[in-house]
Every structure is written in C-alpha cells, then in structure tokens.
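One letter stands for each residue in the lines below.
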Amino acid sequence: MSAGGLPLHRPANWARLRSAVRREQLTSLAPLAALGVLFLVGWIVVDGFVSRNNIESSLVLSSFLGISAAGQTLVVILGGIDLSVAATIGFGEVAMTVLYSQGFEVWEVLLLLAGCAIVIGAVNGGIASVFRVPPLIVSLGGGFMITGGVLMWTSGGATQGTAPQEFVTMTSIGSTIGPIPVPPIVLVWIATAAVVLVIQRFTTLGRNIYALGSNPEAARLALVQRNRVWIAVYTLSAASGLLSGVLLSGFAGGADFTVGQPYLFDSIAAVVVGGTSLLGGSGGYGRTIVGALVVNEIGTILVGVGFDAALQEAMLGVFIVLVALAGREQHLRTRV
Amino acid sequence: MTVWLPRFGWFLFRRYGYAAFATFVFVGLLIANAVLDPVLATSTGFLDAFSTFAPLVLLAAAVTPSVLSGHGGIDLSLGPFAGFCTVLIGTYLNTGVLGQAYVVVPVVLGMGLVLGLVNGVIVTIGRLQPIVVTLGTYLIVTGLADHYSPGSGGTVPGWISAISGSWSDVGIAGGAVVAWLALTRTHYYRWLLAVGRDDRTAYASGMSVAAIRTTAYVIGGMLAGVAGLLLTALISGSDSTVGPNYTLTSIAAVALGGTSLAGGAGGLLGSVVGALDIFFIENLLTLANVPIFSLSLAYGSILVVAMVINGVVGRQSGRLPHGLLRTTAQFVADVGDAT
C-alpha cells in the first residue's frame, strides 16, 4: 500500500492477496477435516471407538470442555486471555455441591453464582481494561484470589457433600433426553452455543468484541465503550466457567476444587485448534465447538492406543501444534 | 551540586526505568524481611534463601527474551523443562562418567538449546502463535518428565547437591546474568528490541526477523537449563511435578519487573527483581503467619494491585502518556542542565 492516500491501482501483490484470501477460506475448514480424519483413525486403531458408550462419553466430556471454552473464545476474540477459568470451574463445582448439601435449592445457588460471575468479570475485565494491565496477569491473579477464597471458605477445599441428582443424571453416560439416546448435558451445550453464537453474530456487544479485538484504537474512535465490553466479556467467561463447574459437580460426585485444573490449558487449546487467533479480532465460537471435539477425540484415541497418562500429555502437545499448523499466519512480507 | 548527577539519573531512568517500581518494592520488601527475619542477614541464611529463589529468578530471566521478541512472544515450556532437568540428572546423569560436571552441564544446556530451537523455529518458520507452540512443548516436556520419572527420589551427583546453599549457587546465577548483560552490549540486543517493538518495520529494514526471534528462544532455553541445574541442586533429587508450577509465576515476575508483554520494552534485570519481589512477598506472608488457606488470596491481590500501580507509575497508560516517573526524571535532568 502506498504511504499517502488510497492506492489507485491494484497493489502489486494482488495475486498473492487473492490466494491468501482463498487459503483463509480453506483453513477455516481444516479443523473440520481434522475431526473427520481423527474419527477415521480412531475407528481403525481403537477397539470400540464407534460404540454407543464411547460416543456418549465423548459427547459428555466435550460438553464440559466446550462450555468452559465458550467464554474463553469471546475473551480471545477481544484480544485477551482468561487464566482464571480453572479456578471458576472449581468454584462452581464446590459451591453447587456444598451449598446444595447444606439445603439450598439449585436455583438459589445458580442465582448466587450468576452474581459471583458479575463480580469476577468486573474484577478481571475492569482492571485489565481501565488500568491497561495485561489480561494474562490480571486473570492469573484473579484465579489465585478465587482459589484462596474457596480454600478459606471450605478450610482446605476437601469437603464432603453430594451433588444434586439432576446434575448426576444429566451428565451420566446412558441417560437419555426423552427418546433420544444422548445425555442431556449435550442440550445444555447446544443452548450455551446458541446464546454465544447469537451474542457474537447478532448483537452490538458481539460487533464491539470484534472491533476491539481487531483494532482497539479504531474501536475507540468509533465510540465503542471499551471498559463495558471488557467487563461484559469477562463476566460471560466467568459465567461459562461456573456453569461448567456446576455441571461437573454431577460428574465428579463430590466437592473437589481441583476438578477445573485440566481446563485451564485445554480451553485455550480448544479455542486455538478451532482456528481462533490469539491475536484477537477473528474466529468465533463455531470454530471452538469443532476444536473442543477435536481435542477430546485426540485424548480418546491416545487412551485407546494404550499410552500412559504421561505420554498422552506429551502426544496431546504434539497434536495441538500439528493441528494449529493448519491455521498458520501470513508471512511478514504480506503485512509490510 | 554537580551537574552530572541529574543527567545520570535520567540516563539510569532511560535504561532501567521500566523496573523502577519493582525496585522500589524490592527495597521495601528487603527491609521488611530483614527486620522480621534476621536470619536472612546472616551468611547461611542468605545462602539458603538464595538457593530457594534462584530457580524462579533464572526462569523469570529465561522467559524474558521470548517476551521481548514481541508478537505475543512467551515461553510456557521453560518451567516444565527445569523439572525435566531434575528428572534427567536425578535418574540418568548421576553415576560414573555421566555424573561428571563436564557431561551434565553441556547436556543440560544443550537440551535447553534444542528446546529453544524447536520453539523458535516453529514460532518463526511455522508462523504459529508462541503461546500455542510453547503450550504444546509444555505438554510434551511435562509428559516426558512424568514418563521417565522414577516416581520420586532419585539421586544426584555430590557436586550438584553441594551447590545448594553455597557461594557457587550465587556464582552460577550471577554468571548467567552477567552473560546476558554482556549480550546487551551487542547489536543483537538492539535487533531484538526492534523486532519486538515492530516486526514489520524490522523486516522492512532488512533484519532477519526469524533468526533474531529464534535466537531469543534459544537464549531462554539455555537460561532455563541453568535454572534446571540450580533446581536439581535445591531439591537434591528428581521430581517431575515441581516444574510446571514455575511457569505462571515466572511470567508474573516478568510482568511485575516492568517488561511489556507486548514485546520490545523492558529487560532481563527487571524480571530478576520481579522474581525477587515475588519470593520476598511469599516469605513475608509466611513470616506474618498468614493462614495457609488465605495465602493465595493475599498473593493474587498483591499481584493485581502491584501490576495496577506498575502500569500507572511506570508505563504508558491512557491518562498518563509518559508516566509520572518519566516526567519527573526528565524534569530533574532539565533543571540540572539549567543550573
């Protein structure tokens, strides 16, 4: 592009730009292709991969990951990152189990947690936005604060308690939605996805998220209320973490704060594998849904092949890099 | 009054001003710790404390070059790599010829170099975001360490466990920092900051952005190797679970030390001071008998508050375009010139 004024001719690298756009359209399909290929690999390599039992358990596990990664996706589009998600999941799990055992109704706990989501979102998003502190550090500190708060409340985190029966049924493999043989948690995931997709696509908030993520300065000149958007998005992220934690309470069986730990990096992996750029401004939750399924599929195959937990972790690392390679960035020379 | 003093202050500010807040905090914490914990001021107390915080300090230093290299640069894999080193030494490099310093040190530094090279090449040639690449290698290194770990225990050669709590600990850590300081006198350091500040401008100016970035990851990997040696000395055995805990803390130390996570501004000395801040805050919380369950609450709040003050005082924020400190330092220098 010429330095002063608009280019009058097509830029010299027009052909390259065209092919870059075409490649961009292709790479958005890459995670879907990976999903299909991994499914075939699993079918061939792992015994019982295409059994009803395995597919149902995959759906349940992907639902937890997909719901946890819903807020993370919006945060990443905004140009931030949320490292407090492990703590919010643990908080949701412990709060639901402990408070329900103490005689609270489920809806009361949910209402309370909705309030907590706003507080967590205001602290994480507000501080990151108003004081321009890197969101990585703010959410890291926020995660420590939530962890400390929960440990103080439960005097150590290991508390007795039983989760509401609704959540146990919802997340157990083999339960059905009426006549449909799918665990009901999948419905919750679909509902969450619908909400997030509508926010991202059809609301002012959604447009503001993309605007701030792709160019904060331009968004400011377009009178986007930066602080409000950041607080709203981090609130949504806290809410999706808490929701995932609440659902996990039925799966885990008792109060366990550490239940959120794996989701810290897995939620980021699901976002990235799906093809949302960590630089912000592009991607979306539709991609993360595919990403969550892929990350889960990789895990299932690695378990099925018979790797021990340590090697599973190592191979997951290899796969994340390989899958992410599909969505590699443009060369620097195209951005000069 | 001599005229050079305000000028020198301005020079110091321009070179190390990014770490000013971390340094103020450090001085305050040092006084508080020395008063509350007189053992620290003794030779053995100091050396014990030093061997405890040396791995964190070096890991914070190790993350810094990748952060400086910009474009979301960050290296998450270095904490697990230090843990991997303890497994490597505690399980394999501990007997006979393999346990000798002239084998262990090159092997550990070489592994760090290879890890940095892998990270750097995938980031630059593979054109992936650093956080994804190093998350991948984080999982790989953690998994390998777990897989080859003998559970717990392991034995380390005598010369390594002798490092902990002795002056050679200080010597090794100091040597690593001095090596970096020597590097900052070279062209490479300017290139690194230029690439970190704006890679497009650097590319258009003819710099080899890929090579400069990759080198930053390699330097980080080798510094993490030194951290791994000191961590092995500290725990005197092999433990695959200890490494990953360092990852997020070392990044917090980098940010606290005033290095911009956006790249191109800051430096390694700031990260060292930031890591010392974190160590002394934790030490102070322990000394003050803060209940163990509220430790992370206090730690998280302090981290966030410190970062807020750091942003307002030291770096650009929306309302203070040059930061309070910069304006003051420049004013003092100008007054000094005028008199």
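Just so it is clear, the structure is predicted and the values come from calculations on it, not from any experiment. (Residues numbered from 1 in each chain as written. Chains lettered and ligands numbered in written order. Predicted model: local features only at pLDDT ≥ 70, side-chain atom pairs only at ≥ 80, totals over all residues.)

1. Some details on the interface of chain B and chain A
Operational definition: Residues are scored as being in contact if the C-beta atoms we place from backbone atoms lie within 7 Å. By the criteria applied, helices consist of DSSP H or I runs no shorter than four residues and strands consist of E runs no shorter than two, each listed in order from the N terminus. Note on residue categories: nonpolar means Ala, Val, Leu, Ile, Met, Phe, Trp, Tyr, Cys or Pro, charged means Asp, Glu, Lys or Arg, and polar means any other residue, Gly included.
Contacts between the two partners involve 47 residues from chain B and, on the opposite side, 45 residues from chain A. Tallying contributions element by element places helix H6 (residues 130-148) of chain B first for the side of chain B that touches chain A, with 14 residues. When the residues that make up the side of chain B that touches chain A are grouped by side-chain class, the tally is 28 nonpolar, 15 polar and four charged.

2. Re helix H13 (residues 285-305) of chain A
All names here are of chain A. Test applied: Take the number of residues in a helix, subtract one, and multiply by 1.5 Å to get its expected span. Burial is judged by counting the other C-beta atoms within 10 Å of a residue's own C-beta: 20 or more makes it buried, 12 or fewer makes it exposed, and any count in between marks it as partly exposed, with every C-beta position built from the backbone.
Over its 21 residues, H13 extends 30 Å from the first C-alpha to the last, a length consistent with the 30 Å expected when each residue adds 1.5 Å. Of all 21 residues that make up H13, 16 are buried, and the element is covered over most of its length. Phi turns positive one or two residues past the end of H13, at Gly306, with a value near 100°.

3. Notes on unusual backbone geometry
A positive phi angle, near 55°, is found at Arg132(A), a position not held by glycine. One non-glycine residue with positive phi stands out, namely Ser236(B), at about 50°. Along the chain, Ser236(B) turns up in the loop between helix H11 (209-235) and helix H12 (244-256). The exposure class assigned to Ser236(B) is partly exposed, which follows from the 19 C-beta atoms found within 10 Å.

4. Describing the packing of helix H6 (residues 135-154) of chain A against H12(B)
The condition that has to hold: Simply put, an axis is a line fit to the C-alpha atoms, just over the touching stretch for a helix, and the angle between two N-to-C directions goes from 0 to 180 degrees. Should an angle fall under 35 degrees it is called roughly parallel, over 145 degrees roughly antiparallel, and 65 to 115 degrees roughly perpendicular, with every other angle called oblique. A clockwise turn of the near helix away from the far one marks a right-handed crossing, whereas an anticlockwise turn of less than a right angle marks a left-handed crossing.
The N-to-C vectors of H6(A) and H12(B) enclose an angle of 125°; their axes lie 10 Å apart at closest approach. Viewed along their axes, H6(A) and H12(B) adopt a mutual orientation that is oblique. As H6(A) runs across H12(B), the sense of the crossing is left-handed. Facing H6(A), whose interface residues are Leu136(A), Ile137(A) and Leu140(A), H12(B) presents Leu248(B), Ile251(B), Ala252(B) and Ala255(B).

These results come straight from atomic positions and should not be treated as a statement about function.
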